[in-house]
Amino acid sequence: MLNRALTKAKSVAIGGHIRPDGDCVGSCMGLYLYIKNNYSNVDVDLYLEDIPESFKKFFAHTNEILHEIQEKKYDLFIALDCADSN
């Protein structure tokens, strides 16, 4: 299902919960890099609050995380590591 959605999308945004912990950063970075490496035609952005410095040595490409919403329309938004539906 995800691959089908990514095949149709030209632009994707990924986001996680506030005060992102290791699970959140890991799942978001993993999907972000998966899309970048496997769907080169998809423009993908990752939005998270600032992450702890200690995480930056474990996760590659954290310098690409966006902290402010871009004035951009996305075809698909993926929310990861969010336990509450509210």
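Details of the structure are given in the entry above.
What you see is a predicted model; the values in this text were computed from it and never measured. (Residues numbered from 1 in each chain as written. Predicted model: local features only at pLDDT ≥ 70, side-chain atom pairs only at ≥ 80, totals over all residues. Heavy atoms only, no water.)

Novice: What is the right way to read the layout of surface pockets from this model?
Specialist: Gaps between atoms show up when a probe of the same size as a water molecule is rolled over them. Of the volumes computed, that of the largest pocket is approximately 200 Å³. As for the largest pocket, its lining consists of 14 residues, and the residues nearest its centre are Tyr47, Leu48, Leu66, His67 and Ile69. Here the lining of the largest pocket is composed, by residue class, of eight nonpolar, four polar and two charged. (1 Å grid on protein atoms, 1.4 Å probe; cavity = no way out; pocket = protein on both sides within 12 Å on 5 of 7 lines; lining within 4 Å. Points joined across faces, edges and corners; volume = space filled by probe spheres on them. Nonpolar A, V, L, I, M, F, W, Y, C, P; charged D, E, K, R; others polar.)

Novice: Which parts of the structure should I look at to understand the side chain of Thr62?
Specialist: Examined against the element boundaries, Thr62 turns out to sit in the loop between helix 3 (53-56) and strand 3 (76-79). Using a relative accessible area of 12% as the deciding quantity, one classes Thr62 as buried. Not counting chain neighbours up to four residues away, the residues in contact with Thr62 comprise Met29, Ile51 and Lys56. (Helix = DSSP H or I, 4+ residues; strand = E, 2+ residues; numbered from the N terminus. Buried < 20%, exposed > 50% of the residue type's maximum accessible area, 1.4 Å probe, protein only. Contact = heavy atoms within 4.5 Å.)

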